[in-house]
Amino acid sequence: MHSLTQAPFLSLAGISKRYGGVRALANVDFACQRGSIHAVLGENGAGKSTLIKIISGVVQPDEGTITLDGHAVTFPNPQAANAAGIVCIFQELSLMPDLSVADNIGITSPPRRFGLIDRRAQRRRAEELLARVGCEDINPLMRVRQLPLSRRQMVEIAKALGRNPKLLVLDEATSALTAADVDKVYAILHGLRDAGLSLLYISHRMHEIDALADTCSVFRNGQHIDTFAKGARTEEQIVQMMIGREWRNVYPPKPVRNERPAPALELRDIGWEDRLSGISLTVGRGEIVGLGGLDGQGQRELLLALFGVLRGVSGEIRINGERRRISSPAEAKHEAVGMALIPEDRKTEGLMLPMSVRDNISIAALGSMTHGIVVDRARESARIEEIAAKLKIKFGNIGDAVATLSGGNQQKVVIAKWLLTGARIVLLNDPTRGIDVGTKQEIYQLLRDLADSGTAILFYSTDYDELIGCCDRVLILYDGRIVRELEGADITEANIVASSLNLSLDAAKAPHA
Amino acid sequence: MLKSIDRPTLIASSFIVIILLAGTVYTVITQGNATFIEPAYLLQQLKIAAFLGIVAAGMMMVILLGHIDLSVAWTIAASAMLATAVGGAWAIPVGLGVGLAVGLVNGIGVAFLRVPAMIFTLGVNAVLRGLMVMLTGGFAPQADATKFMIWLATGRPLGIANSVLVWAVISAALVFMLTRTPFGRYIYAVGNREAATYLSGINTRLVLIGSFVICSMCAALAGLLIAGYSSKAFQAMGDAYLLPAIAAVVVGGTNILGGQGRYSGTIVGTILIVLLQSVLSVAQMPEAGRQVIYGLVIIVMLLVYGRGSVVRA
Amino acid sequence: MNNLRLRFSQNTGLWLGVALFVALYVFYSTLHPKGWSVDLLVQNSNESFALIMVSMAQTVPVITGGIDLSVGPMMTMVNCLASVLVSGSPLAIVLGILACLAAGALAGFVNGCIVVFGRIQPIIVTLATGAIYIGISLFLRPSPGGKIDDNLSWVATNALAEMDSTFHWFAGGAPTWFSHGPGRLPVPIVLIVLIVLLVWIPFRNTVTGRGCYAVGSAEGAAYMSGLRIGRSKIAAYTIGGLFAAFGGVYLALQTGSGNADIPQAGAYTLNSIAAVVVGGTSLFGGNGGAVGSVFGALVLRAISFCFRVVDSNGPFGFLGNPLLQPIFEGVILLLAVSLGAARVFRVKNRLSLFT
């Protein structure tokens, strides 16, 4: 393996970075070694992304020094970091969808003849690199747009390898991969480590870290908390370091029920394209029903289908026992249905970022706050203040752009927007992604309060803990179908993981997950 | 919304003062008078500005959505030509009807067919031009503007030209719409992020169509006024208004990508453009110099306050 | 073979444009009273050259996700400049043409610099610089006129064989293989092929040129990949200026004069956008190419050619009515750009309409 006494390949000393008033990194010291896979752990907002952006030259630190291979360096832009052998695989893919796979792989330094790109040589090189990551099936002439997300991520990895990295940074780089590809990627990464590369691996999946890392560093609140060799800390200790307190009691208690509540939302045999088939479920008044399973098994599509966004949905939707056709969000919002959707990406689907907090909160319920055709401003302000106080949304001025708020407060604005409509059925699409722990806890409490007041909640989360902690029942989707329904004490991590992989529950007991 | 005057409006206003002062210095030296600060001159300019102002007002609605309407040129001409051709009491309704029809077509093309507005309205413009050539045989229309149209454009029962009053009424209505009604709020919302607006349960197609209708009806109204002012409609009478209208909106601080901008800015932008053109022509600047200065002013104004942010992924 | 099909399917826009042009042109030449002839081809290609160049000029900024409303004014400016510079001794003529091309490229370079360093939206930048270039045109040529070398005008607007009879390449007259073969090719077509082969194709195959596609496809991803996006954008507008300059010089040769015609400049700009779209380049950037725009421009021209030859006594005689031509052109243009709407009705996830 490696020794900690060896001079680090890259080291950061006293690095600080602020964005406006928000401190992203405070006086961070950090180092990574050659021939090692170094996992960086932390909640969203802990400063991991900023750390990576500084290392890769996307942003520049306010203070502090970077030393690479014993020399002080600065990276004014990504090209400079690239030239020094630092290559990143970002979570938001850095591929150009309209360009071919080969073009993407060779984008900055293609093979050239007479100064012009040698397409044939470029294609050969792309084929070699794709073969190296075990993706011979990808035709380098395909446009990236034509590839599914999991294949794109493999192209992204091939692209990074093609740049001969000395330090490879992977930011949630395996989140969209299929299980088979994950194994290939692990093998590649181990090979690279054995060849002497430094690898920085950002993830929030504990089992990935077990499988991959040699060293772990934990970040919290913009600070470097600790660095230790794999196995030196227990999982509980690591989690506690990440969240800074005991991970207990963050979930409100679940009510004890003797009988099923009256159904608010019933689905019969919902299907859409080849992504959803035969989905039947019921959500009762006051019930929180979770949607689980691996990412991309149709959970998002199901929520969008209910909300009238998808075209050509088959099957039957009943609201309070009455059959409804919902063909647009406007119809879903309508009183007769009373549905709300907290979308997946609040920045592009939930909010108008440059607009004020007020405008964002009132946009969905504006129609109900009018006097004739005029917005009743007094009523608008009163209701916004009420809801903002209820959700404890923190903002400077109600007229400030919502972009100036923290991620957690932005998400609260999205929720506030829908609460104002008086929705009785709330669909949530991974609502706590990128939100600090404190706000998460508030959201969990809010969901339970809503349920207690009779709202039906359908809740998709990529975080198993959340499903276990919040939901009265959990439905596991696999390949567009519900493969299992878990209830009460059956909602355990082992059961969720096993059903997600569509294994029988017995198989889950084998030492796998 | 009634907060302090925003920066673009302020800068554009001070620029207007600079133009007037510079022009006055010039006329004092060369002609020995101060034409540019005489009320009669300014009122005359306002009267001319009203035509551009009404076109720009409508244009602003579609620019706020992040779209653009390149068909206003021939909407102006078509409205004026049909109105004068029909004549009588039906002149005004026919002209405005042209605006309504064009707006609906544009709106449907953009909202339902999802063709980029720039190219779709370009096509509509070509169709309108073709229609007018077909109807007029390519010659200047013979019919005169109706008395009412002339009165509407040049009459001054209240001491101020009616065209200015029309502009004022339109402006008041649009400010009311943008700041007080849900529709106004939806325009900004769609301009900022159509997906988020749609997912908020708002019929964004209606917002798009409504805005395009407002834009085209404003252009049609301007066409009626211009025809009244020159007592005739003529071929290509709208061509001189398209680009200045876009410039007026943008110089007034409305983001060309949509979602941001205040109506007051568009008024100031219109006055700025009209005064600039007028001062340069009074100063006997040749057309060549006028064009160059015109372009430079737009660029400089935007360099001062219209700069976008750097792309950082 | 699979790759061939893939390449074909990735360029359906281009092939649609080509097919539309071929259909229209075959229709036109069969209906033409004198039938198809070299003279007709020469005439048609002369009438198309400037629009083709301006459309190519529009294409490159559009690929980056921008737009250039100053292509018409740049062409007009170079046209006026050519009417001042392109006459006199052979050396003066060559230098004059080079100066004209440089002036166009410089104008495009200025556009690109303001877009990149001024961080202003391209549509507004080029709207403003367009006014400036028109101003310069008026300054150069306040009223139509000027002088262009007659010989050059003649050879540039005729078949290649005329070049020989003017400049006497072959001692003792042209051999038959030339005068009956390549000699019959119109010079403007040869020029377009040369410009595509010597300017566009090499540019597209540089890192900077491919960067234009990358920027138009996903600017953030291009930046993250370490591309110099500013350089690509500036290059796109510069090469656009160069293409517009080719059009301006040719227009001067064709008309024998310079003319700071503002409506004409505007019409060229607007038609260039239409040609780009008809040629299969998306206004959202990231795909397409200048070759498509060549055919896009040809389609627009072929439409107007067709109206000339319709038998005014036949069943479709009304099509030949010159008063109806503009409206048919408009309707066809509108239908062509609405073709893309087919996609909208196939979309299953309505959120994808908003990208």
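Residues numbered from 1 in each chain as written. Chains lettered and ligands numbered in written order. Predicted model: local features only at pLDDT ≥ 70, side-chain atom pairs only at ≥ 80, totals over all residues.

Quick look at the overall build of chain B now. What chain B contains, in helices and strands, is 13 helices and zero strands. The linear arrangement of helices and strands in chain B, starting from the amino end, is α-α-α-α-α-α-α-α-α-α-α-α-α. By the compact-globule yardstick of 20 Å for 313 residues, chain B fits well, its C-alpha radius of gyration being 20 Å. In terms of its C-alpha atoms, chain B occupies a principal-axis envelope of roughly 65 × 55 × 35 Å. Counting all 313 residues of chain B, 58% fall into the buried class. Long-range contacts, defined here as pairs at least 24 residues apart, represent 76% of the contacts in chain B between residues at least 6 apart. (Helix = DSSP H or I, 4+ residues; strand = E, 2+ residues; numbered from the N terminus. Rg over C-alpha atoms; globule rule 2.2 N^0.38 Å. Buried ≥ 20, exposed ≤ 12 C-beta atoms within 10 Å, placed from the backbone. Contact = placed C-beta atoms within 7 Å.)

In terms of helices and strands, chain C carries 18 helices and zero strands. Nonlocal contacts in chain C, meaning residues at least 24 apart in sequence, comprise 76% of its contacts between residues at least 6 apart.

With that out of the way, let us pick up the pairing of strand S22 (residues 456–460) of chain A. Residues and elements named next belong to chain A. Among the five residues of S22, five are classified as buried, and the element is accordingly described as predominantly covered. With burial as the criterion, each face of S22 is covered, one bearing Ala 456, Leu 458 and Tyr 460 and the other bearing Ile 457 and Phe 459. Note: strand S15 (residues 288–292) against S22, four bridges, orientation parallel. Counterpart to Leu 291 in the pairing with S22 is Tyr 460. Here strand S21 (residues 425–429) pairs with S22 via five bridges, running parallel. Bridging across to S22, Leu 427 finds its partner in Leu 458. (Pairing = 2+ DSSP bridges.)

To continue, consider the interface of chain A and chain C. In this complex, chain A contributes 29 residues to the contact, which on the side of chain C involves 27 residues. At the level of secondary structure, the elements contributing two or more residues to the side of chain A that touches chain C comprise helix H2 (78–83) and strand S8 (116–117) of chain A. No other element matches the three residues that H2 of chain A contributes to the side of chain A that touches chain C. Classifying every residue of the side of chain A that touches chain C by side-chain character gives 17 nonpolar, seven polar and five charged. (Nonpolar A, V, L, I, M, F, W, Y, C, P; charged D, E, K, R; others polar.)

Residues and elements named next belong to chain C. Following both chains from N to C, one finds helix H14 (residues 262–278) and helix H15 (residues 290–309) inclined at 115 degrees, their axes separated by 7 Å at the closest point. Crossing of H14 over H15 shows right-handed handedness. The residues of H15 that touch H14, namely those facing Asn 271, Ala 274, Ala 275, Val 276 and Val 278, are Ser 293, Gly 296, Ala 297, Val 299 and Leu 300. Looking at the contact of H14 with H15, its residues break down into seven nonpolar, three polar and no charged. (Axes fitted to C-alpha atoms, helices over the stretch in contact; angles between N-to-C directions. Left-handed = near helix turned anticlockwise from the far one by under 90°.)

What follows is about the environment of Asp 29 of chain A. All names here are of chain A. Along the chain, the position of Asp 29 falls in strand S2 (residues 22–32). Along the backbone, Asp 29 and Gln 297 are 268 residues apart, and their C-alpha atoms lie at a distance of 40 Å. Leaving out residues up to four positions away in the same chain, Asp 29 has contacts with Leu 12, Ala 13, Gly 14 and His 224.

The next thing to look at is the interface of chain B and chain C. With 48 residues of chain B at the interface, the matching set in chain C holds 47 residues. Mapped by element, the contributors of at least two residues to the side of chain B that touches chain C are helix H5 (117–136), helix H9 (194–199), helix H11 (239–251) and helix H13 (287–305) of chain B. For the side of chain B that touches chain C, a count of residues per class yields 31 nonpolar, 10 polar and seven charged.

Glancing now at the confidence of the model for chain C. Residue and element names in this part refer to chain C. Within chain C, residue pLDDT values average 88, and 95% of them lie at 70 or more. The least confident element of chain C, judged by mean pLDDT, is helix H16 (residues 317–320) at 68; the most confident is helix H13 (residues 229–255) at 96. Interface confidence for the predicted complex, expressed as ipTM, amounts to 0.86; the pTM equals 0.86. (pLDDT = per-residue confidence, 0-100.)

Attention now moves to the pairing of strand S4 (residues 63–68) of chain A. Residues and elements named next belong to chain A. In this structure, strand S1 (residues 10–19) lies alongside S4, joined through five bridges in antiparallel fashion. Its bridge partner being in S4, Leu 10 is matched across the sheet by Leu 68. Adjacent in sequence and paired antiparallel, S4 and strand S5 (residues 71–73) are bridged by two residues, among which Asp 69 carries a positive phi angle near 55 degrees.

Bringing helix H11 (residues 207–217) of chain C into the picture now. Among the 11 residues that make up H11 of chain C, 10 are buried, leaving the element largely enclosed by the rest of the structure. Restricting attention to buried positions, one finds in H11 of chain C the residues Val 207, Gly 209, Arg 210, Gly 211, Cys 212, Tyr 213, Ala 214, Val 215, Gly 216 and Ser 217 of chain C. Those residues of H11 of chain C that are buried lie in contact with helix H3 (101–105) and S8 of chain A together with helix H3 (38–63), helix H10 (187–204), helix H12 (219–224) and H13 of chain C.

This part is about unusual backbone geometry. Residue and element names in this part refer to chain A. A positive phi is found at Asn 27, a non-glycine position, where the angle reads about 50 degrees. Inspection of the secondary structure assignment puts Asn 27 in strand S2. The exposure class assigned to Asn 27 is partly exposed, which follows from the 13 C-beta atoms found within 10 Å. The phi dihedral of Asp 269 is positive, around 60 degrees, even though this residue is not glycine. Secondary-structure assignment places Asp 269 in strand S13 (residues 263–272).

Quick look at the sheet that holds S21 of chain A now. Residue and element names in this part refer to chain A. Ordered by their spatial adjacency, six strands build an open sheet running S18-S21-S22-S15-S23-S24, and the pairing between neighbours is mixed. The open sheet has two edge strands, strand S18 (339–342) and strand S24 (481–487), and neither has a second partner. For this sheet, the mean inter-axis angle between neighbouring strands, taken without regard to orientation, is 20 degrees. When S15 meets strand S23 (residues 473–478), the two strands line up parallel, connected through four bridges. Bridging from a neighbouring strand, Val 289 pairs with Arg 473 of S23. Packing of helix H9 (residues 299–306) onto the sheet brings it into contact with S15, S18, S21, S22 and S23, and relative to S21 it is tilted by some 145 degrees.

Here we take up the confidence of the model for chain B. Of the residues in chain B, 96% reach a pLDDT of 70 or more, and the chain-wide mean stands at 89. Model confidence for chain B, summarised as mean pLDDT per element, is weakest for H13 of chain B at 86 and strongest for helix H10 (residues 204–229) of chain B at 96.

It is worth spelling out the sheet that holds strand S16 (residues 314–319) of chain A at this point. Residue and element names in this part refer to chain A. Taken together, four strands build an open sheet; the order of strands is S14-S13-S16-S17 and the sheet is antiparallel. Only two strands of the sheet have a single partner each, and these edge strands are strand S14 (276–284) and strand S17 (322–324). Across the sheet, the mean angle separating the axes of adjacent strands is 20 degrees when strand polarity is ignored. Of the strand pairs in this sheet, S13 and S14 are connected by six bridges, and their pairing is antiparallel. Its bridge partner lying in S14, Leu 265 is registered against Val 283. Packing of H9 onto the sheet brings it into contact with S13, S14 and S16, and relative to S14 it is tilted by some 70 degrees.

All names here are of chain A. Mapped onto the fold, Gln 237 is located in helix H8 (residues 235–243). Residue classification places Gln 237 among the partly exposed positions, given that 13 C-beta atoms sit within 10 Å. Put simply, Gln 237 and Arg 379 are 142 residues apart on the chain and 49 Å apart in space, counted from C-alpha to C-alpha.

A separate point is the packing of H11 of chain B against helix H12 (residues 263–282) of chain B. Residue and element names in this part refer to chain B. The geometry of H11 relative to H12 is characterised by a closest axis approach of 7 Å and an angle of 125 degrees between their N-to-C directions. In this view, H11 runs oblique relative to H12, as classed from their interaxial angle. For H11 against H12, the interelement crossing comes out right-handed. Taking contact as the criterion, the partners of Pro 244, Ala 247, Ala 248, Val 249 and Val 251 in H11 are, on H12, Thr 266, Gly 269, Thr 270, Leu 272 and Ile 273. Among the residues making up the contact of H11 with H12, the classes are represented as seven nonpolar, three polar and no charged. (Parallel < 35°, antiparallel > 145°, perpendicular 65-115°, else oblique.)

Here we take up the environment of Gly 72 of chain C. Residue and element names in this part refer to chain C. With respect to the helices and strands, Gly 72 occurs in helix H4 (residues 71–85). Considered as a pair, Gly 72 and Val 54 are 18 residues apart in the sequence and their alpha carbons are 6.9 Å apart. If we ignore the near neighbours within four places in the chain, the residues touching Gly 72 are Val 54, Ala 265, Gly 266, Tyr 268 and Thr 269.

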